[in-house]
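Coordinate analysis (summary)
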Amino acid sequence: MKAVDITMPLISASHAGSRIEHDLIGNYAIPSYAYYGVHTARAAENFQLSGSVLSSQPVFIAALAAVKQAAAIANKATGQLSAEKADAIILACDEIRSGKLHDQFIVDMIQGGAGTSTNMNANEVVANRALEHLGYKRGQYEFLHPLQDVNMGQSTNDVFPTALKLALDNHILSLLESLAHLRRALQRKAEEFANVIKMGRTQLQDAVPITLGQEFLAYAVTLGEDEARLREGRLLLHELNLGGTAIGTELNAHPEYRAHAIDALRSATGIDSLVSAANLVEATSDVGVFVQLSGILKRVAVKLSKTCNDLRLLSSGPRSGFNEINLPARQAGSSIMPGKVNPVIPEAVNQVAFEVIGNDVTVTLAAESGQLQLNAFEPIIARALFANLQQLGAGSRMLADKCIDGITANKEFLEQRVTESIGLVTALSPRIGYENATRIAQEALITGQGVTELVLSSGLLTQQELAIVLSEMLTGAGRQFQEGQSAEATL
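Now for a description of the structure that goes with this document. Remember, it's a predicted structure, so these values are computed and weren't measured experimentally.

1. Structural notes on the overall build of the protein
- When you go through the protein residue by residue, the secondary structure sums to 18 helices and eight strands.
- Its C-alpha radius of gyration of 30 Å places the protein more than 25% over the 23 Å reference for a compact globule of 491 residues.
- Across its three principal directions, the C-alpha atoms of the protein cover 100 × 55 × 40 Å.
- Taken over 491 residues, the protein has a buried fraction of 50%.
- Taking as baseline every contact in the protein between residues at least 6 positions apart, the subset at least 24 positions apart corresponds to 72%.
- For the protein, the exposed area adds up to about 21,900 Å²; of that, 53% sits on carbon and sulfur atoms.

2. Side note on the nonpolar core
- In terms of nonpolar packing, the biggest core is built from 115 residues, with F216 and L399 touching the most fellow members.
- It is helix 7 (residues 156-192) that contributes the most residues to this core, 15 residues altogether.
- Setting aside anything within four residues of it in sequence, one finds F216 in contact with L186, K189, A190, F193, L311, I325 and I407.

3. Overview of the pattern of salt bridges
- This structure, assessed with the given rule, holds 25 salt bridges.
- Put simply, E95 and R129 hold a salt bridge, and the shortest N to O gap is 2.7 Å. With a gap of 34 residues between them, E95 in helix 4 (residues 83-97) and R129 in helix 5 (residues 116-134) connect regions that are remote in the sequence. One exposure class covers both E95 and R129, and it is buried.

4. Details of the packing of helix 3 (residues 58-77) against helix 7
- Where helix 3 meets helix 7, the axes come as close as 8 Å, and the angle between the chain directions of the two elements is 130°. Between helix 3 and helix 7, the angle is such that the two are oblique. For helix 3 against helix 7, the interelement crossing comes out right-handed. Listed contacts from helix 7 to V59, F60, A63, L64, V67 and K68 of helix 3 are V159, F160, T162, A163, L164, L166, A167, N170 and H171.
- Across the contact of helix 3 with helix 7, the residue classes break down as eleven nonpolar, three polar and one charged.

5. Thoughts on the packing of helix 3 against helix 4
- The interhelical angle for the contact between helix 3 and helix 4, taken along N-to-C directions, is 165°, at an axis separation of 9 Å. Comparing their axes, helix 4 and helix 3 come out roughly antiparallel. The handedness of the crossing between helix 3 and helix 4 comes out as left-handed. Facing helix 3, whose interface residues are I61, A62, A65, A66, K68, Q69, A72, I73 and K76, helix 4 presents A83, A86, D87, I89, I90, C93, D94, I96 and R97.

6. As for the pairing of strand 3 (residues 197-202)
- Sheet topology places strand 3 next to strand 4 (residues 205-211); five bridges connect them, and they run antiparallel. By the bridge assignment, T202 is partnered in strand 4 with Q205.
- Connecting strand 3 to the antiparallel partner strand 4 that follows it, the hairpin turn spans two residues, and Q203 within it adopts a positive phi of roughly 55°.

7. Comments concerning the packing of aromatic side chains
- For the coordinates displayed, the defined rule picks out five aromatic pairs.
- Measuring from ring centre to ring centre gives 5.5 Å for F193 and F216, while their planes differ by 70°; the resulting arrangement is edge-to-face. One end of the pair, F193, is in the loop between helix 7 and strand 3; the other, F216, is in helix 8 (residues 212-236), with 23 residues separating them in the sequence.
- The exposure class assigned to F193 is buried, which follows from its relative accessible area of 3%.

8. Looking at the layout of surface pockets
- Reported here for the largest pocket is a volume of approximately 340 Å³.
- If you trace the largest pocket, you find 21 residues lining it, with S315, L327, V341, N342 and P343 closest to the centre.
- With three residues, the single largest contributor to the lining of the largest pocket is helix 12 (residues 344-368).

9. A short note on the side chain of N123
- Along the chain, N123 falls in helix 5.
- What makes N123 buried here is its relative accessible area of 0%.
- In terms of polar contacts, N123 uses its side chain to reach the side chain of K68, at 2.7 Å.
- Look past the residues within four positions of N123 in its chain and what remains in contact with it is K68, P146, L147, V150 and N151.

10. Here's the deal with unusual backbone geometry
- Here G317 and P318 are connected by a cis peptide whose omega angle stands at 0°.
- The topology assignment puts P318 in the loop between helix 11 (288-314) and strand 7 (325-326).
- For Q203, which is not glycine, the phi torsion reads 55° and is therefore positive.
- Its location among the elements puts Q203 in the loop between strand 3 and strand 4.
- A positive phi angle, near 55°, is found at L372, a position not held by glycine.
- Position of L372 relative to the elements: it lies in the loop between helix 12 and helix 13 (378-402).

11. Observations regarding the environment of N375
- Note that N375 resides in the loop between helix 12 and helix 13.
- Residue N375 is classed as buried on the basis of its relative accessible area, which comes to 1%.
- Separated by 221 residues in the primary sequence, N375 and Q154 have C-alpha atoms spaced 17 Å apart.
- A distance of 2.7 Å separates the side chain of N375 from the backbone nitrogen of F377, its partner in a polar contact.

12. Notes on the environment of I73
- Following the sequence through the fold, I73 ends up in helix 3.
- The exposure class assigned to I73 is partly exposed, which follows from its relative accessible area of 35%.
- Along the primary structure I73 and A86 are separated by 13 residues, whereas in three dimensions their C-alpha atoms are 6.7 Å apart.

Conventions used here
- Residues numbered from 1 in each chain as written.
- Predicted model: local features only at pLDDT ≥ 70, side-chain atom pairs only at ≥ 80, totals over all residues.
- Heavy atoms only, no water.
- Helix = DSSP H or I, 4+ residues; strand = E, 2+ residues; numbered from the N terminus.
- Rg over C-alpha atoms; globule rule 2.2 N^0.38 Å.
- Buried < 20%, exposed > 50% of the residue type's maximum accessible area, 1.4 Å probe, protein only.
- Contact = heavy atoms within 4.5 Å.
- Areas by Shrake-Rupley, 256 points an atom, 1.4 Å probe, with all protein chains shown as cover.
- Core = buried A, V, L, I, M, F, W, Y, C linked by side-chain atoms within 4.5 Å.
- Salt bridge = Lys/Arg side-chain N within 4 Å of Asp/Glu carboxyl O.
- Axes fitted to C-alpha atoms, helices over the stretch in contact; angles between N-to-C directions.
- Parallel < 35°, antiparallel > 145°, perpendicular 65-115°, else oblique.
- Left-handed = near helix turned anticlockwise from the far one by under 90°.
- Nonpolar A, V, L, I, M, F, W, Y, C, P; charged D, E, K, R; others polar.
- Pairing = 2+ DSSP bridges.
- Phe/Tyr/Trp six-rings, centres within 6.5 Å; stacked < 30°, edge-to-face > 60°.
- 1 Å grid on protein atoms, 1.4 Å probe; cavity = no way out; pocket = protein on both sides within 12 Å on 5 of 7 lines; lining within 4 Å.
- Points joined across faces, edges and corners; volume = space filled by probe spheres on them.
- Polar contact = N/O pair within 3.5 Å; in protein donor to acceptor, adjacent residues only side chain to side chain.

Shown next as structure tokens:
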């Protein structure tokens, strides 16, 4: 097979000339340099919606190439495709999986036809590169055809969701790494703040003492729970409908094709848990796994956003707000107010979360709108899920590196707040009694005096006894912190 250099930059169509391709609608002039063909060109002309084309999703393109490669291997094994053609297709797919020719995937991510344009784009790029390996020119489809050969035994309706699941699997692994990175940053802060006592709050009112370490450990643990849910959701993606062709009846596919194709995908991706769906008709029409994954991502987004809300609140002021922690200053906060610094990193993560939540609605509506044996709206599902996974990953790393790692605590201020807080009486009530605790709380509110000051002046506890109570309170918080560390370590 003849190899052609594809590392050279593409020249403009005006200098390259064109070749004529045809489809059922008629002839179409394709730039000579292009590896895509007539079906791709019409789709690119029809769908100019999002400004985001397939080439913006290299992981998805690599997954499409892996599916085409597995299909060629299966068709070669069953004798449906000649070894010469199959090997050329396999080699072309290897190149695409390694990152070559991605600029030839030009169709908008949002498209009609249930992803047919995406599948056609892949078929044509693979076919034209395979033709070059065979020593022919692009567009000489009489020697190797995009649909008859590259798409043999396949349909968009099994290729698209299979590639989508493989790409999502890859993105989930990346997101898991990012979430773990953020969780470890929170854990480090939890250890650093283990002995920093402060007032906990319920309904934004003083409640009972807690340590800042416990507060940050809770953020780490809740993130770890989301990691576990993501790992569970990932496994559901490994059930594939490849081989079901149009509606899951395996029409036009060799009886042994499906098993060979799944084996080839396991080998190509390294995902040993890939399996063929028990019922291909159901697997082709149902997109429930994408709804579930979207729900998990929404859960991650909601928790991240809540954590960012807390960080912004705890750092508010600084002089006239909570002023409990200090976020690292990243940029000037105002064009008119000198010295103002905004919590820009948590704010940005909040906005990522808002989009993820909105995209979950998009996935839900797209899934619900499917009809009969196929869901026509998988392209928008793909775009929404890719965006969610990528932005949550980027947001998590940004939050860890540019915010969490640089947080400091106003320890003395926090301790003062504890001694002054009305909520301290809750911790003292077992020693001084509920009625006395209520009286002290009311007197503190009326006079503005501190709880500890009133307890001492009332003779309810000695200075030594009060010190013991406060020490026990801090020791108990430390014990719970250690227990929380153990729970977090198991995630």
